[in-house]
Amino acid sequence: TAAGFGEARLRVAFSDGSEALAHYYVLPPFERQVAALGAHLADVAWLPREYPDPFGRSASVMPWDRSICPYSGEPCGHVLNDARAYDAGLSDDAGGGNPLCLAAKVRAAPTAHEASRVDEYIRWTLYGVKPDTASPPLKSLQIREEEVAAGEADAESVDGVRMTMFYYNCSGPKGAPPCSDASSGHFAWRYSEADKCHKPFGGPTWCMTETMANATYRGFNYPHQISSYWAMYHVARHTTLPTARDWHWYLYRAGKTALKLGTSNVGFMDGTVAREVLAALLLEGDAGNTTLAAIGAQLRGQMQRRQQRWAVTPHPYGSEFGFDTTGQEEVVVWNLYFGNETAAKLTVDHVLSYMRSSPTWPYHGGARSWGDVGNNGKYLATFGTGVQDRGQMHYRAGLNMIPLIEWYRRHPEEGAFLLEVAMGAMAGQLVNIDPATGATSMMYHASPHMRAFDPHSGDYGLGFFGNALETGAYYVVDAALGPLCFLCVATPQEGGGGGGGGVAMQEGGGGGGGGVAIEPRDAYRISAYLEPLGLYVQSECGRFSRLVYDGRQSVQVEFEAGSAQLCAVQRLKLTKQALQRPGTGFAVRGAPLVRGAYESASLTMLVTFSLEGAAAAPVAAA
């Protein structure tokens with residue numbers, strides 16, 4: 001029996017004398033891993049509200065350096081100084097990724113304490129100021145409506161997200177070095193990294209001046225912050241946990257911020273959050289909220305214009321740079337949303353050119369990082385050698401997993417290859433969390449002389465967003481291998497019920513009138529996909545203990561007893577996604593459909609459906 005965590009190698013010997021090797025990374029149970037992450041973000045990497053930071057960065061999750069500093073023997077801790085200003089300024093990927101990480105965790109697995117931290121961040125830092133601990137000029141990360149009303153900002157900039165809250169005072173032409181190491185131009189500050197402002201790894205503009213820091217044009221900065229509003233909308237709307245504002249305020253802010261994405265022709269990292277916000281806006285609009293309906297209609301129009309442009313672009317993969325592998329997520333997500341599977345498939349196939357299946361854990365679904373360690377890492381392992389750093393399990397893996405898993409759910413008839421690769425990325429994002437402390441790493445240095453995790457948290461939160469959004473139990477009946485359960489345990493059940501002809505299943509999978517009980521083993525236990533039916537089951541409140549599919553015409557969804565402490569009612573969404581799988585008319589017996597989900601105070605819901613007629617189309621845009 002093994003104990004602990006870390007790398008392991010499995011050697012398989014075959015009867016013909018050949019051998020194969022598989023390389024694993026062993027972790028604690030995923031639920032425990034994510035709980036450690038949440039505790040770290042909320043209590044260790046958290047910079048308290050009362051911390052006297054003149055830039056106004058307190059009440060936030062700041063970047064964290066988990067390496068041991070020689071002068072103290074303790075983790076180096078909060079990164080409050082960096083020549084890459086946005087890293088220490090709560091924006092861009094490296095700065096904004098840390099609050100995003102906590103928001104993603106709270107949305108998928110909320111606790112009262114962690115939700116209160118996201119609330120604090122929104123109230124005092126993202127959309128508020130702290131006159132008692134910050135120094136003038138007081139700034140929030142996002143430009144507030146009251147700033148416009150007070151004449152402190154112009155109307156066009158409202159809802160804009162600043163480039164960074166941390167900035168330098170540089171006296172060179174156009175903000176170039178030399179940069180002061182003692183003053184921001186408004187208040188004293190010891191800039192311990194100012195001597196790096198002229199170094200070639202970033203360029204002089206990375207030590208951003210106040211003017212640069214105030215700019216709001218960069219669309220890539222917005223999805224990270226939208227996620228905090230979206231998470232708290234979910235908590236306020238669907239759970240009984242206390243929140244500082246009502247659900248309407250959070251969704252309004254999420255929608256208004258999402259509108260600032262405009263009609264950009266490139267895909268944004270974790271831009272899928274805009275789709276989730278749009279879905280909520282439209283549902284609330286259908287329920288009678290005209291303000292949110294209007295925002296939803298405008299946002300839908302903007303996103304459709306982006307999708308239409310990508311649909312006629314020969315290679316619609318662009319992100320910030322031509323070599324990036326970060327725009328594919330949104331290209332696929334919005335093309336699927338608006339029904340263009342041809343353009344989506346083109347991009348899915350492109351993702352597979354750099355996301356592959358491998359028996360080696362850093363490479364199995366581990367999209368290689370390109371240039372990111374220079375943006376936000378600590379160890380520039382190959383800098384100056386002419387060799388690119390070999391970074392694996394970077395956020396690119398977690399975000400490129402989104403198009404793969406979403407395409408698979410629609411097209412399981414193509415086989416489980418996409419699912420296998422997506423699972424490698426999905427689980428691989430949790431490898432970057434130190435099980436002992438919960439501290440994160442922006443990537444794994446796979447260069448032979450390194451083979452170590454970078455100690456900076458950096459932009460890790462972007463990949464974790466993908467993990468928290470898409471992770472679930474996947475029950476599959478494979479043509480060659482039979483029943484498989486990814487992130488779950490499947491147990492055959494005798495008997496069943498429901499009557500009528502059953503769905504063809506392999507031995508052990510519940511065929512012949514039997515069924516199967518599926519027990520989730522993922523970190524969140526709020527999503528499950530039943531491949532024989534092409535059915536995606538999601539809980540908006542409540543955690544699954546198991547799902548029992550009778551192999552005929554019903555699925556019994558059982559919630560954990562603790563769900564009653566979090567939810568006034570359990571909410572269950574049913575989405576028929578695969579056209580090539582049988583089943584129509586999915587509904588929860590005896591439960592009302594409220595804003596797209598079935599509600600019940602019971603910890604057991606019975607999903608019924610018909611196997612007659614053609615399969616229903618996937619749920620898409622209204």
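Remember, it's a predicted structure, so these values are computed and weren't measured experimentally. Per chain, residues are indexed from 1 in the order of the written sequence. Restriction of local features to residues with pLDDT of at least 70 applies here, the model being predicted, together with a cutoff of 80 or more for giving and counting side-chain atom pairs; totals for whole chains, interfaces and linings are based on all residues. For side-chain calculations, the full set of non-hydrogen atoms in the structure is used, while hydrogens and water are omitted.

1. A word on the overall build of the protein
The helix and strand inventory of the protein stands at 16 helices and 22 strands. What the globule rule says is 2.2 Å times the number of residues to the power 0.38, and the radius of gyration is computed from C-alpha atoms. A compact globule built from 622 residues would reach a C-alpha radius of gyration of about 25 Å, and the protein, at 24 Å, matches this within 12%. With the principal axes as the frame, the protein shows a C-alpha extent of 80 × 65 × 50 Å. Each residue gets one of three labels from its accessible area relative to the maximum for its type: buried under 20%, exposed over 50%, partly exposed in between, using a 1.4 Å probe on protein chains only. When burial is assessed residue by residue, the protein has 59% of its 622 residues classed as buried. The contact definition used throughout considers only heavy atoms, calling two residues in contact when any of these lie within 4.5 Å. Of the contacts formed within the protein by residues at least 6 apart in sequence, a portion of 69% connects residues at least 24 apart. Carbon and sulfur atoms make up 53% of the accessible area of the protein, which totals about 23500 Å². Only runs of H or I of at least four residues qualify as helices and only runs of E of at least two qualify as strands under DSSP, and these elements are numbered from the N terminus. We get accessible surface area from the Shrake-Rupley algorithm with a probe of 1.4 Å; when it comes to residues, only the shown protein chains can shield them.

2. Looking at helix H14 (residues 417–428)
Taking 1.5 Å of rise per residue, the 12 residues of H14 would be expected to cover 16 Å, and the 16 Å separating its terminal C-alpha atoms lies within 8% of that figure. The buried fraction of H14 is high, at 9 of 12 residues. Tucked into the core, H14 has its buried residues touching helix H11 (341–351), helix H13 (395–410), helix H15 (460–470), strand S10 (473–478) and strand S11 (482–486). What a helix should span is 1.5 Å times the count of its residues minus one.

3. Structural notes on the side chain of Arg571
Structurally, the position occupied by Arg571 is in strand S18 (residues 570–576). Polar contact is defined as a pair of N or O atoms within 3.5 Å, subject to the rule that within protein one atom must be able to donate a hydrogen and the other to accept it, and that residues adjacent in sequence are counted only when both atoms are side-chain atoms. A distance of 2.7 Å separates a polar atom in the side chain of Arg571 from a polar atom in the side chain of Glu540. A polar contact is formed between the side chain of Arg571 and the backbone oxygen of Arg595, at a distance of 3.3 Å. Setting aside residues no more than four positions away along its own chain, Arg571 makes contact with His238, Gln538, Ser539, Glu540, Cys541, Val594, Arg595, Ala597, Tyr598, Glu599 and Met605.

4. Regarding the nonpolar core
In this structure, Ile122, Leu404, Phe464 and Tyr474 are the most contacted members of the largest nonpolar core, which totals 120 residues. If sequence neighbours within four positions are ignored, Tyr474 has contacts with Ile405, Tyr408, Arg409, Leu419, Met423, Leu484, Cys485, Phe486, Cys488, Tyr529 and Tyr536. Throughout this description, the term nonpolar core refers to a set of buried Ala, Val, Leu, Ile, Met, Phe, Trp, Tyr and Cys residues connected via side-chain atoms within 4.5 Å. Ranked by size, the runner-up nonpolar core spans 26 residues in total, among them Tyr475, Ala528, Ala591 and Val607.

5. Here we look at the sheet that holds strand S19 (residues 584–588)
Read from one edge of the open sheet, 6 strands run S12-S13-S16-S17-S22-S19, paired in antiparallel fashion. Sheet topology places strand S12 (488–493) and S19 at the edges, where each strand pairs with a single neighbour. Within the sheet, the average angular offset between the axes of one strand and its neighbour, ignoring direction, is 15°. Inspection of the sheet shows S12 paired to strand S13 (residues 515–520) by 6 bridges, in the antiparallel sense. When the bridges of S13 are listed, Gln493 appears paired with Gly515. Pairing between strands requires that DSSP locate at least two bridges from one strand to the other. Helix axes are fitted only over the stretch in contact, all axes being lines through C-alpha atoms; the angle between N-to-C directions runs from 0 to 180 degrees.

6. Focus on the packing of aromatic side chains
For any pair of aromatic rings, the description rests on two quantities: the centre-to-centre distance and the angle between the ring planes. Geometry of aromatic contacts follows a simple scheme: Phe, Tyr and Trp rings, the Trp one being its six-membered ring, pair when their centres are within 6.5 Å, and the pair is stacked under 30 degrees between planes, edge-to-face over 60, tilted otherwise. As enumerated under the stated definition, the model contains 28 aromatic pairs in all. Aromatic pair Tyr229 and Trp249: ring centres 6.1 Å apart, planes at 75°, arrangement edge-to-face. Highlighted residues: Tyr229 in helix H6 (residues 222–238) and Trp249 in helix H7 (residues 247–259), separated in sequence by 20 residues. Taken as a pair, Tyr229 and Trp249 share a single burial class, namely buried. A network of ring pairs unites the aromatic residues Phe55, Phe166, Tyr167, Tyr168, Phe187, Trp189 and Tyr191 as a single cluster.

7. Some points on the pairing of strand S1 (residues 6–13)
Relative to strand S2 (residues 19–26), S1 runs antiparallel, the two sharing 8 bridges. Note on S2: the bridge partner recorded for Val12 is Ala20. What sits between S1 and S2 in their antiparallel hairpin is a turn of 5 residues, with Gly17 showing a positive phi close to 95°.

8. Here's the deal with the state of the cysteines
Here, a disulfide means two cysteine sulfur atoms that sit within 2.5 Å of each other. Within this structure, the stated rule accounts for 5 disulfides. Each disulfide pairs two cysteine sulfurs, and for Cys170 the partner residue is Cys179, the sulfurs being separated by 2.0 Å. Sign of the S-S torsion, about 95° for the bond between Cys170 and Cys179, identifies this disulfide as right-handed. Considered together, Cys170 and Cys179 belong to a single accessibility category, that of buried residues.

9. What about the environment of Cys179?
In this fold, Cys179 is placed in the loop between helix H4 (145–149) and helix H5 (210–213). A C-alpha to C-alpha distance of 45 Å links Cys179 and Pro242, two positions 63 residues apart in sequence. Apart from the residues within four sequence positions on either side, Cys179 is in contact with Tyr168, Asn169, Cys170, Ala194, Cys197 and Cys207.

10. Observations regarding H6
Since one α-helical turn is 3.6 residues long, residues separated by three or four positions face the same way. An ideal rise of 1.5 Å per residue puts 24 Å on 17 residues; H6 measures up with 24 Å between its terminal C-alpha atoms. Where burial is concerned, most of H6 is hidden: 16 out of the 17 residues are buried.

11. Re the pairing of S18
Summarising burial for S18: 6 of the 7 residues are buried, a large majority. Here 6 bridges tie strand S15 (residues 535–541) to S18, and the two strands are oriented antiparallel to one another. Within S18, the position partnered with Leu535 by the bridge is Lys576. Sheet topology note: the S18/strand S21 (residues 597–600) ladder contains 3 bridges and is antiparallel. Its bridge partner lying in S21, Gln570 is registered against Ser600.

12. Topic: the side chain of Gln553
Here Gln553 lies in the loop between strand S16 (544–549) and strand S17 (554–559). Among the polar contacts made by the side chain of Gln553, one reaches the main-chain carbonyl oxygen of Phe609 at a distance of 3.5 Å.

13. With respect to the sheet that holds S10
A sheet is described by the order of its strands in space; here 7 strands give the open sequence S11-S10-S14-S15-S18-S21-S20, paired in mixed fashion. This sheet does not close on itself; its edge strands, each paired only once, are S11 and strand S20 (593–594). As paired elements, S20 and S21 share 2 bridges and run antiparallel to each other. Bridge assignment links Val594 to a residue of S21, and that residue is Ala597. Sitting on the sheet, H13 is in contact with S10, strand S14 (527–530) and S15, with an inclination near 50° to S10.

14. A short note on the environment of Asp478
Secondary-structure assignment places Asp478 in strand S10. Sequence separation between Asp478 and Ala561 is 83 residues; the distance between their C-alpha atoms is 32 Å. Reaching out from Asp478, the side chain makes a polar contact with the backbone nitrogen of Ala480 at a distance of 2.9 Å. A polar contact is formed between the side chain of Asp478 and the backbone nitrogen of Leu481, at a distance of 2.9 Å.

15. So, the packing of helix H10 (residues 328–337) against H13
Direction vectors running N to C along H10 and H13 enclose 30°, while the axes themselves pass 7 Å from each other. Classed by the angle they form, the pair H10 and H13 counts as roughly parallel. For the pair H10 and H13, the sense of crossing is left-handed. Where H10 abuts H13, its residues Gln328, Glu329, Val332, Val333 and Leu336 lie against Leu399, Asn400, Ile402, Pro403, Glu406, Trp407 and Arg410. Of the residues contributing to the contact of H10 with H13, the split by class is 7 nonpolar, 2 polar and 3 charged. Orientation is classified from the angle alone, with under 35 degrees giving roughly parallel, over 145 giving roughly antiparallel, 65 to 115 giving roughly perpendicular, and any other angle giving oblique. Put simply, a crossing is left-handed when the front helix is turned counterclockwise from the back one by less than a right angle, and right-handed when it is turned clockwise. Each residue is assigned to one of three groups, with Ala, Val, Leu, Ile, Met, Phe, Trp, Tyr, Cys and Pro labelled nonpolar, Asp, Glu, Lys and Arg labelled charged, and all others, Gly among them, labelled polar.

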